[in-house]
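Analysis of the macromolecular model
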Amino acid sequence: MIPGIFDYHRPATVEDAVALLAKLGEDANILAGGHSLIPLMKTRLASPDHLVDLSGIGNLKGITIKGAEIVIGAMTTQFELITSDELARHIPIIAETSRLIADPQIRYKGTFGGNVANGDPGNDMPALMMCLDATYSVTGPDGSRDIPARDFYQGAYFTSLEHGEILTAVRIPIPADGHGYAYEKLKRKVGDYATAAAAVVITMADGKCTSASVGLTNVSETPLWASEAASLLVGTSLDKASVDAAVAAAEAITEPASDMRGPAEYRTKMAGVMVRRALERALSRAKA
């Protein structure tokens, strides 16, 4: 339970961090909140020669409104997401999801950017970001670029980030006023990763669903955006038959592993249950 020897670096700017990563090469790892990397280092499953700590870069923190989007800095903590008045007003599902991540001690230190960037299919924020159609801003040796969350995840712990690139911020379109939302998570105990979880955002008008989005957590090698399931809801009253069809479509795209959380068949069915519960709660919150 003791990490190997490494050199510690604490750059003051994004540019300094990018330059360090370019100089140090594949032997360097980025340190954000540390709650994914440090446990791997303690068990020697990861043994970087260099850690580049981003906590000294002040402009990687913060939550701001820019036009029709909310921009969240990568080093913003889960606790700061939970206590943000702007998020509570405009995108409350983010705080709802943050409250289900781990425990209070981890939420004080764990970062939003770390949760979305490392490609762990068990992390809660990636599926939510796909559901919300977020865009990731990254900076590297070749400059800055934007990557849609729905294109970012390529496999377990494998993303579109190139070595030397740093996630700096996440841009999220502000959902329509009166939208309904819910994040439902089944877990074995407090603080655990999801057996299965679902994020849902809908809008309603005159008793009909006018838009819908569904994200799934920890039921595949990547988080999933259930686009077909969402499309089956649009134009319906979210009656039982429509919800049944959407649940079946969501289950059909899952490929969970059989593990300590249960056999694959069980986890697939629980994904469907989470989608159904999230839709019911989102509908109860939506304003026509």
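Look up a bit, the structure's there.
The following paragraphs examine the structure supplied in this document. (Residues numbered from 1 in each chain as written. Predicted model: local features only at pLDDT ≥ 70, side-chain atom pairs only at ≥ 80, totals over all residues. Heavy atoms only, no water.)

What follows concerns the overall build of the protein chain. Of regular secondary structure, the protein chain possesses 12 helices and 14 strands. Taken over the C-alpha trace, the protein chain has a radius of gyration of 19 Å; the compact-globule value for 288 residues is 19 Å, and the two agree within 12%. Judged by the C-alpha coordinates and their principal axes, the protein chain covers about 60 × 45 × 35 Å. Counting over 288 residues, the protein chain shows a buried share of 54%. A total of about 12,900 Å² of accessible surface is found on the protein chain, and carbon and sulfur atoms cover 54% of it. (Helix = DSSP H or I, 4+ residues; strand = E, 2+ residues; numbered from the N terminus. Rg over C-alpha atoms; globule rule 2.2 N^0.38 Å. Buried < 20%, exposed > 50% of the residue type's maximum accessible area, 1.4 Å probe, protein only. Areas by Shrake-Rupley, 256 points an atom, 1.4 Å probe, with all protein chains shown as cover.)

With 36 residues, the main nonpolar core has Ile 93, Ile 94, Met 129 and Tyr 136 as its most contacted residues. For this core, the element with the highest residue contribution is helix H8 (residues 125–131), accounting for five residues. In this view, Ile 93 contacts Leu 128, Leu 132, Tyr 181, Ala 182, Tyr 183, Ala 199, Val 200 and Val 201; residues no more than four positions away in its chain are not counted. Formed by 30 residues, the second largest nonpolar core is a distinct cluster that contains Ala 196, Val 200, Leu 216 and Ala 246. (Core = buried A, V, L, I, M, F, W, Y, C linked by side-chain atoms within 4.5 Å. Contact = heavy atoms within 4.5 Å.)

With that settled, consider the sheet that holds strand E7 (residues 143–148). Taken in spatial order, the five strands of this open sheet run E4-E5-E10-E6-E7, and their pairing is antiparallel. With partners counted over all chains shown, the strands left at the sheet margins are strand E4 (63–66) and E7, one partner each. On average, each strand axis in the sheet is tilted by 25° relative to the strand beside it, whichever way the strands run. With five bridges connecting them, strand E5 (residues 69–73) and strand E10 (residues 166–173) associate as antiparallel partners. Counterpart to Ile 70 in the pairing with E10 is Ile 172. Contacts between helix H1 (residues 14–24) and the sheet are confined to strand E6 (135–140) and E10, with E10 contributing the most and set at about 130° to the helix. (Pairing = 2+ DSSP bridges. Axes fitted to C-alpha atoms, helices over the stretch in contact; angles between N-to-C directions.)

Attention shifts here to the sheet that holds strand E1 (residues 7–9). Taken together, three strands build an open sheet; the order of strands is E1-E3-E2 and the sheet is parallel. The open sheet has two free edges, formed respectively by E1 and strand E2 (28–31), since each of these has just one partner strand. For this sheet, the mean inter-axis angle between neighbouring strands, taken without regard to orientation, is 25°. The sheet contact formed by E1 and strand E3 (residues 50–53) spans three bridges and is parallel. Paired with Tyr 8 across the strands is Leu 51, a residue of E3.

Glancing now at the environment of His 9. Position of His 9 among the secondary structure elements: in strand E1. For His 9, a relative accessible area of 19% corresponds to the buried category. A sequence separation of 21 residues divides His 9 from Ile 30, and the C-alpha atoms of the two residues are 9.6 Å apart. Side chain to side chain, His 9 and His 50 meet in a polar contact 3.0 Å long. (Polar contact = N/O pair within 3.5 Å; in protein donor to acceptor, adjacent residues only side chain to side chain.)

Let us now look at helix H11 (residues 240–252). Between its terminal C-alpha atoms H11 stretches 18 Å, which fits the 18 Å expected from 13 residues at 1.5 Å a residue. Every buried residue of H11 is listed here: Ser 242, Val 243, Ala 246, Val 247, Ala 249, Ala 250 and Glu 251. (Expected span 1.5 Å × (residues − 1).)

Per the counting criterion, the structure on display carries 17 salt bridges. In this structure, the salt-bridge partner of Glu 86 is Arg 89, at a minimum N-O distance of 2.9 Å. Here Glu 86 and its partner Arg 89 are both found in helix H4 (residues 85–90), three residues apart, which amounts to about one turn of the helix. Using a relative accessible area of 53% as the deciding quantity, one classes Arg 89 as exposed. Note that Arg 171 and Asp 146 form a salt bridge whose closest N and O atoms lie 3.1 Å from each other. Here the residue Arg 171 occupies a position in strand E10, and Asp 146 occupies one in strand E7, the gap between them amounting to 25 residues. Arg 171 sits in the partly exposed class, given a relative accessible area of 22%. Using a relative accessible area of 46% as the deciding quantity, one classes Asp 146 as partly exposed. (Salt bridge = Lys/Arg side-chain N within 4 Å of Asp/Glu carboxyl O.)

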